[in-house]
Amino acid sequence: MEKHWLLRARDSSFLRDPRARFGMAVLLLALLLALCAPLVAVDPSLQRDIVATRFLPPLSTDQHGTFHLLGTDRFGRDVWARLVFGARVSLGVGLLAVLLSVAIGLAVGAAAGFWQGRVGITLLGLTDFALALPRVVLLLLLASLWQPSAALVIMVLGLTGWMTIARLVHSEVRTLAARPFVESAVALGVRGPRVLVRHILPNALTPVIVAAALGVGNAIMLEAGLSFLGLGVQPPTPSWGNLIASGRDTLVNAPWVATAPGVALVLVVVAATLLGDAVRDRLDPAQRR
Amino acid sequence: MLRTFVRRALAGMAVVMGVVTLMFFLIRMAPGDPALLLVGPTATPEQLVAQREALGLDRPLPDQYATWLSRFLRGDWGSSIATGRPVRAMVSAAWPATVSLVGLSLVLSYVIGIIVGAIQATRGGRLDTTLSVVTVTLFAVPGYWLGLMLVMVFTYWMRALPAFGAAGLDADFLTGWDRVADRLRHLALPLTTLTLIGLGGTARYVRGAMLDVRNAPHVAIARAKGLSPLQVVVRHVLRNALVPVLTLLGLSLPALFSGAVFIEAIFAWPGVGRIMVEAVGARDYPVIMAATAVSATLVVLGNLMAEALTAWADPRLRAAEPSAGAA
């Protein structure tokens with residue numbers, strides 16, 4: 001196989017792709033803000049004076065002389081600060097959950113597509129079984145079985161999110177296994193798992209990378225959704241989902257409370273998606289878009 | 001081909017059974033006692049025991065399971081612990097609302113998505129870039145947030161569309177077209193939300209799949225034969241590109257139902273999702289089980305249908321030996 005493109009230092013065409021630049025810029029900025037949260041905002045749990053500063057619109061200064069870039073919510077908490085501290089939770093949960101589901105999905109899908117006999121049918125059955133579980137009900141139940149927490153959300157999202165990837169890998173591997181170049185590899189004496197790992201999987205990776213990038217965005221959205229329903233990260237710990245939920249009741253008199261975390265969420269998911277697209281095109285130059 | 005399909009159908013039934021069984025034991029493992037919720041916190045221990053006995057909750061779990069299963073299969077779905085209403089009546093009253101919402105948005109988002117994706121893949125250039133920005137944004141928008149934003153604009157600011165329920169309070173007094181219009185006005189915001197968030201993903205997928213196929217040898221041959229560009233696109237590119245899209249269709253059904261749960265919560269839409277959320281909160285075992293069984297069956301059916309369609313669209317998956325040439 002060719003040397004991996006990320007290892008080729010002088011290859012800069014990836015960085016000239018506007019989607020890659022936008023995606024990386026937004027994600028890096030979000031990660032940086034999340035990591036340096038205490039430097040760019042006051043920890044929301046340390047804020048006081050609830051009554052005097054509630055419902056300030058964006059770009060206003062309260063009577064203590066504190067500037068509020070995105071305004072304040074009904075408890076007088078700075079929306080920007082909650083957004084930045086919420087990014088830590090939302091981004092972390094999304095990334096870890098996808099890592100978990102990609103690992104499971106790749107293993108199950110590849111095995112099911114390659115060993116099509118009893119192994120394949122069993123694994124496909126397992127995948128269908130997991131797919132048929134009503135995810136939201138499962139999440140509702142798990143959240144009531146254990147205390148809702150970030151770790152629980154990661155586990156639940158990871159364990160309920162691998163099936164799409166498994167199915168994509170499975171159909172890709174099945175199609176590839178019937179291709180002439182795989183047959184010739186077999187004819188040349190390459191054996192079982194080696195065919196899968198050296199000849200089939202590298203060609204099946206494109207949809208996995210795209211699905212993983214989309215999955216990061218999706219996981220961040222689902223975490224937000226769960227927190228929105230009150231089943232994810234629990235307030236007062238801010239996550240983008242429970243920030244949107246807390247702004248729901250004040251939509252009429254303080255629309256910025258729900259709007260700001262939503263816009264942040266959309267920006268990050270768009271960035272992850274575009275970066276995934278750019279990576280895909282770079283990995284597979286034959287299909288350069 | 002038929003044998004494979006029958007085998008997959010049997011496997012599908014096994015899946016539904018497995019889901020229902022898992023769910024049965026899982027909800028009984030969860031803390032919370034429906035009898036306690038029913039008699040209230042002031043009840044004496046004797047009352048609680050009597051209530052549990054009346055509901056059959058004092059018997060061993062496998063025993064409860066066997067009873068529930070045999071009744072369920074015979075069509076006796078019991079009645080709700082929380083409200084006392086027959087479960088079948090509850091589910092059949094709620095089901096049309098969910099199916100009409102999910103079904104309409106599925107059709108709309110796939111039709112519009114395939115058209116937009118096909119335009120992007122064939123036109124390219126600035127139009128493609130613009131549409132890409134639009135679809136990727138739609139893809140990234142969380143449904144409940146988009147719903148809230150639409151409510152903010154169309155209900156609170158413009159006061160144009162209702163944000164709650166499936167019909168107005170006065171719906172029973174309306175006749176003819178007024179009634180239809182009232183329904184449509186209530187459907188507008190939830191349907192728009194679900195369609196918009198589904199559309200982005202489909203368009204992106206179709207565009208990608210068509211571009212994948214565009215460079216395949218058989219397309220070059222079709223062009224070389226002198227077929228018109230439209231014929232090449234429809235017969236040779238789009239048809240091949242639809243294979244992964246069909247797989248996606250089967251996969252997106254459960255996600256769509258899950259998404260509908262959020263949308264139903266936002267818009268107070270009287271569907272199965274809302275019943276489910278309420279039932280889980282009240283530990284209403286018969287209702288949870290019925291809703292689970294029905295939605296699991298639908299998901300399995302959707303996957304079977306997608307698989308059959310995929311086999312129809314891609315002869316290579318039907319044949320025992322691969323055909324050479326087409327890539």
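Our subject is the structure listed above.
Attention here is on the structure that accompanies the text. Bear in mind the structure is a predicted one, so any value in this text is a computation, not a measurement.

Trp240(A), Tyr144(B) and Met210(B) are the most contacted members of the largest nonpolar core, which has 130 residues in total. Per element, the largest residue contribution to this core is 16 residues, and it comes from helix α9 (residues 192-228) of chain A. Setting aside its immediate chain neighbours within four residues, Met210(B) contacts Ala118(B), Ala121(B), Thr122(B), Val233(B), Val237(B), Leu238(B) and Ala241(B). Within the second largest apolar cluster, nine residues are counted, among which are Ala111(A), Ala112(A), Leu123(A) and Ala130(A).

Here the focus is the pattern of salt bridges. Taken as a whole and judged by the stated rule, the model has two salt bridges over all chains. In this structure, Arg19(A) engages Asp17(A) in a salt bridge whose closest nitrogen and oxygen atoms are separated by 2.9 Å. Owing to a relative accessible area of 15%, Asp17(A) belongs among the buried residues under this scheme. In this structure, Asp128(B) engages Arg207(B) in a salt bridge whose closest nitrogen and oxygen atoms are separated by 2.9 Å. You can see Asp128(B) sitting in helix α6 (residues 125-140) and its partner Arg207(B) sitting in helix α8 (residues 176-214), a full 79 residues away along the chain. Just as Asp128(B) is buried, Arg207(B) falls in that class too.

The next thing to look at is the interface of chain B and chain A. As a measure of interface size, the accessible area lost when the parts come together is often cited. Across the contact, 55 residues belong to chain B and 53 residues belong to chain A. Summing both partners gives a buried area of about 4,800 Å² for chain B against chain A, and 74% of it is carried by carbon and sulfur. Counting across the interface, chain B meets chain A through zero salt bridges. Across the contact surface, chain B and chain A share two residue pairs in polar contact (both at pLDDT 80 or more). Every element with two or more residues in the side of chain B that touches chain A is listed here: α1 (2-29), α6, α7 (143-157), α8, α10 (229-267), α11 (272-282), α12 (285-313) and α13 (315-318) of chain B. Looking at the side of chain B that touches chain A element by element, the count peaks at ten residues for α1(B).

Cut-off values and rules
Residues numbered from 1 in each chain as written. Chains lettered and ligands numbered in written order. Predicted model: local features only at pLDDT ≥ 70, side-chain atom pairs only at ≥ 80, totals over all residues. Heavy atoms only, no water. Core = buried A, V, L, I, M, F, W, Y, C linked by side-chain atoms within 4.5 Å. Buried < 20%, exposed > 50% of the residue type's maximum accessible area, 1.4 Å probe, protein only. Helix = DSSP H or I, 4+ residues; strand = E, 2+ residues; numbered from the N terminus. Contact = heavy atoms within 4.5 Å. Salt bridge = Lys/Arg side-chain N within 4 Å of Asp/Glu carboxyl O. Buried area = accessible area lost by both parts, 1.4 Å probe. Polar contact = N/O pair within 3.5 Å; in protein donor to acceptor, adjacent residues only side chain to side chain.

Purely geometric stuff here, so don't read any function into it on its own.
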